[in-house]
Protein chains: 2
Amino acid sequence: MGTANPIVGAIEAGGTKFVCAVGSGPGRDMRARAQFATGDDPARLMREVIAWFEGEARTHGPLAAIGVASFGPVDLDPRSPTYGFITTTPKRGWRGTDVVGPLRRAFPGLPIGFDTDVNGAALGEGRWGAARGLDDFIYVTVGTGIGGGGVARGKLLHGLVHPEMGHFPMPVLDGDAFRGSCAIHGRCWEGLCAGPAIAARAGRPAEELAPDDPAWDYLTRYMGHALATLTYVLSPRRIIVGGSVRKAGQLGEAEFFARTRRHLRAVLNGYIASPALEEPGIDRFVVPPELGDDAGVCGAIALAHDALAAARGG
Amino acid sequence: MGTANPIVGAIEAGGTKFVCAVGSGPGRDMRARAQFATGDDPARLMREVIAWFEGEARTHGPLAAIGVASFGPVDLDPRSPTYGFITTTPKRGWRGTDVVGPLRRAFPGLPIGFDTDVNGAALGEGRWGAARGLDDFIYVTVGTGIGGGGVARGKLLHGLVHPEMGHFPMPVLDGDAFRGSCAIHGRCWEGLCAGPAIAARAGRPAEELAPDDPAWDYLTRYMGHALATLTYVLSPRRIIVGGSVRKAGQLGEAEFFARTRRHLRAVLNGYIASPALEEPGIDRFVVPPELGDDAGVCGAIALAHDALAAARGG
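Residues numbered from 1 in each chain as written. Chains lettered and ligands numbered in written order. Predicted model: local features only at pLDDT ≥ 70, side-chain atom pairs only at ≥ 80, totals over all residues. Heavy atoms only, no water.

Here we look at the interface of chain A and chain B
Contact with chain A, which involves 46 residues of that partner, is made by 46 residues of chain B. Across the chain A/chain B interface, buried area totals approximately 4,100 Å², and carbon plus sulfur atoms make up 62% of it. Viewed at the interface, chain B and chain A are joined by zero salt bridges. Viewed at the interface, chain B and chain A are joined by 22 residue pairs in polar contact (both at pLDDT 80 or more). For the side of chain A that touches chain B, the secondary structure elements donating two or more residues are strand S10 (155-156), helix H6 (214-234) and helix H7 (253-268) of chain A. Of all the elements, H6 of chain A adds the most residues to the side of chain A that touches chain B, at six residues. (Contact = heavy atoms within 4.5 Å. Buried area = accessible area lost by both parts, 1.4 Å probe. Salt bridge = Lys/Arg side-chain N within 4 Å of Asp/Glu carboxyl O. Polar contact = N/O pair within 3.5 Å; in protein donor to acceptor, adjacent residues only side chain to side chain. Helix = DSSP H or I, 4+ residues; strand = E, 2+ residues; numbered from the N terminus.)

A word on the pairing of strand S2 (residues 17-23) of chain A
Residue and element names in this part refer to chain A. A large share of S2 lies buried, amounting to six of its seven residues. Here strand S1 (residues 8-13) hands over to S2 after three residues, the two strands then running antiparallel side by side. Strand direction decides the pairing type here: S2 and strand S3 (residues 30-37), joined by seven bridges, are antiparallel. Bridge pairing links Gly23 to Met30 in S3. (Buried < 20%, exposed > 50% of the residue type's maximum accessible area, 1.4 Å probe, protein only. Pairing = 2+ DSSP bridges.)

Quick word on the sheet that holds strand S11 (residues 239-242) of chain A
A sheet is described by the order of its strands in space; here five strands give the open sequence S10-S9-S8-S11-S12 (chain A), paired in mixed fashion. At either end of the open sheet lies a strand with only one pairing partner, and these are S10 and strand S12 (286-287) of chain A.

Regarding the relation of the copies chain A and chain B
Least-squares fitting of chain A to chain B yields an RMSD of 0.1 Å, with the transformation described by 0.0 Å of translation along the axis and a rotation of 180°. Such a combination of rotation and displacement between the chain copies is what one expects of a two-fold axis. Across chain A, the smallest distance between a C-alpha and the rotation axis is recorded for Pro171 of chain A, namely 1.9 Å. When the interface residues of chain A are mapped onto chain B, 100% of them again fall at the interface, so both copies present the same face. (Least-squares fit on C-alpha atoms with pLDDT ≥ 70 in both.)

Things to note about the domain arrangement of chain A
Residues and elements named next belong to chain A. If you check the domain split of chain A, you get domain 1 (8-116 + 293-311) and domain 2 (130-288). Across the contact, eight residues belong to domain 1 and eight residues belong to domain 2. Of the roughly 570 Å² buried at the junction of domain 1 and domain 2 (both faces included), carbon and sulfur atoms supply 55%. Contact with domain 2 buries surface across domain 1, with Leu76, Asp115 and Asp293 losing the most and accounting together for 51% of the total. The interface formed by domain 1 and domain 2 contains one salt bridge. For Asp293, the salt bridge identified is with Lys247, shortest N-O distance 3.4 Å. Summed over the shared surface of domain 1 and domain 2, the number is three residue pairs in polar contact (both at pLDDT 80 or more). Taken together, the residues that form the side of domain 1 that touches domain 2 break down as five nonpolar, one polar and two charged. (Domains from an automatic or database assignment. Nonpolar A, V, L, I, M, F, W, Y, C, P; charged D, E, K, R; others polar.)

Let's talk about the packing of helix H5 (residues 195-202) of chain B against helix H6 (residues 214-234) of chain B
All names here are of chain B. Relative orientation of the contacting elements H5 and H6 amounts to 140°, with a least axis distance of 10 Å. Judged by the inter-axis angle, H5 sits oblique to H6. Viewed along their axes, H5 and H6 form a crossing whose handedness is right-handed. Touching Ile198, Arg201 and Ala202 of H5 are Ala215, Tyr218, Leu219 and Tyr222, all from H6. Its residues assigned to classes, the contact of H5 with H6 shows six nonpolar, no polar and one charged. (Axes fitted to C-alpha atoms, helices over the stretch in contact; angles between N-to-C directions. Parallel < 35°, antiparallel > 145°, perpendicular 65-115°, else oblique. Left-handed = near helix turned anticlockwise from the far one by under 90°.)

Some words on the sheet that holds S3 of chain A
Residues and elements named next belong to chain A. With respect to topology, five strands assemble into an open sheet ordered S3-S2-S1-S4-S7, the strand pairing being mixed. The sheet terminates laterally at S3 and strand S7 (112-116), the two strands that pair on one side only. The mean inter-strand angle of the sheet, taken between neighbouring strand axes irrespective of direction, is 15°. Bridge count between strand S4 (residues 66-70) and S7: five bridges; the pairing is parallel. Across the sheet, the residue bridging to Ala69 is Asp115, located in S7.

Structural notes on the pairing of strand S9 (residues 146-152) of chain A
All names here are of chain A. Taken across its seven residues, S9 has seven buried, putting it largely inside the fold. In S9, alternate side chains face the same way, and those of Ile146, Gly148, Gly150 and Ala152 on one face and Gly147, Gly149 and Val151 on the other are all buried. Connecting strand S8 (residues 137-142) to the next strand, S9, in antiparallel fashion are three residues. The sheet contact formed by S9 and S10 spans two bridges and is antiparallel. When the bridges of S10 are listed, Val151 appears paired with Leu156.

Thoughts on the side chain of His225 of chain A
With respect to the helices, strands and loops of the structure, His225 of chain A is situated in helix H6. Those residues in contact with His225 of chain A that lie beyond four places of it in its chain are Met170, Pro171, Leu173 and Val267 of chain A together with Pro169 of chain B.

Okay, structure coming up:
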C-alpha cells in the first residue's frame, strides 16, 4: 500500500498542537513528521509549518498536494470568500484565521485539501483503518470535547457548516442530578461525556476513578444514548470512537467499549433489525480507531490525495 | 418544467393507502392518479396497482420507469437477496413483502427506483419543492409516526439500513412528567411529538386542543430539541417538516412553525454561527413542504426518473 500514492504534506491542526507529516500513508509510508504548539500567533505558526514542509521537500522531493484537517468551526464552502478559514473559535488569536491562504501563496498551484479534524480522521480510517471498504460510517472523538465527522454514500458530511455532533440534547437517566458541564448547552453529549464532564461529575480527574466508580456507569450509559442518536439519524455501518476518554483510565478501553455497546443495544431496544446491532456484530459496529492517535494526520494525507485526484479529474 | 421528463409510474406506498400516479412531475405534469387501501393482502394490492398502470399506459403511452417511495423498514441494499422488500414491519400481512419483484415481473426491463417514503419526499422537494438547488437537507414527517430522510452531498441517505429519525432519545423539559407514547422507546421524538403522543399527553385528540393548551408548548419545545439534534448531526441547509402534526389544529400551522423555530434557536443557543439560524434566515431553514401532501408521490416520480438516468448512464 502507498507505493502508488505520491508524497504529500499533511497538517492535523489541533487546538493544542499542529501535527505535520510528509508521506504517502500511515506507518512506513509516513516519511517525516513534526509537531508545533498551536499558540496564539497563527501567522508565525504557518510560517514555521511552511518552512518545515520546504525543508522536507528538499529531502523527499516536491510535495504533490497538501491536506489540512483542522479544528473548527471552519468554512468548507468553496464559493465562500472565507473558504479555508477557522471562523468563530473562542481560541485566542485564531478567530477568522485563513489557514489555506498562506499554503496557497507558499506553494502556488499545489492542490490543497481542507476539512474538519474529525472528517479528516474519518477519511483516514476509511482509507487505511477501521472503516476500510465502507461508504457510510461515523468517526467521533471523545476527549476534552466531543466532535464527529463522517461519510455518507461515500462523501464526507458537509452542509450548512459541518456537523457539530458533540452538542445535541441528551436524555436524563433516572435519578441523575448532574447538570452537565457544557458552558453553552449544559447537558448536551459533550456536557455529559467529555473528559471535563467526567471530572466535574466525580469531583476529580477521570484517571483517579476506581473501576467501580458510578461515573463510568453514567459515562457508558450516556454514550449508548448518543450512539443510538447517531444510528437513528445517519444509519452508519460503523461508528469509530476515538479520543482519550475511550481509554477510560482504571476501567480500561475494552470494558468501556463492552459497556457502551451493551447500553447502545439497550437503548435501540431491537427497533432496527440488523445483525450489525446484535451479538456479535455489535463488536464490529462500535470500534476504536485502527490508526489510533494517527487517525487525524493520516486523514490529512488522505485529504491531500483527494485534492490531487480532484485537480487531475477537473 | 417536466416537458423534458418522460412519463413514468409512481407509487407512494403508505401504511394506510397507496397513492399511484402516472406523469412526469407535479401539478399539471401529473397525468393520472389513483388511491388504493393498503389492506393486508399485498399480492392482491400489487395486482391492482399493476393493472392500473397498464390501463394508464394505454392512454398516456408506455411508462419509461417506475418509482416506489415506501413505508418501511425496507431493504435498500442492491446486493441483498431481499432488496426491494418491506422487511420487519409490524403491519399485518406486510412483513417480508417483495414490492419491487412483482413490478419487475409485470414490466420486464423497466428501470425501477425504490427508497423510503421520506427519502422519496425529500427527493421530490429537492427537485420541485422547498429544497430546490440544495445538496444537503432533511425531510421529516410528523404525523401518526415520525420519520425522516434526507440528502447529503447530493445523495439520499442510506447506510446500514436507512435513517429512522423518529426514534432518537430526547431530553426532559423541566417539570414534564409525561413518559412518552412510543411502545419501544417511551420518550423518543416520536413518543413525544407524533399525533398519538399529543393526544396521550392532553387526554384528547389534538384537533380539540385550544390554542393556549400547554400541549402545544410542549410539542413545539420538543420539536426545537429534535431539530437541533438533526442540525448538529447532519448540518443541513434546510429542514422540511411535513406530516399532519404541523397543521397544529386550532394553534395553526404558522404559529407551529414560528414557535418551533424560536425554540430551535433557543436550544442551539448561538453555538453554530450562520445567518441561516438567525432571524430572518431561520424562516427559510425550517419550512413546510412546498409540494404539500404530494411530496411523497412526486418523490416517487423523481425516484423513477433517477432510476431511468442510472439505467441509461450504466
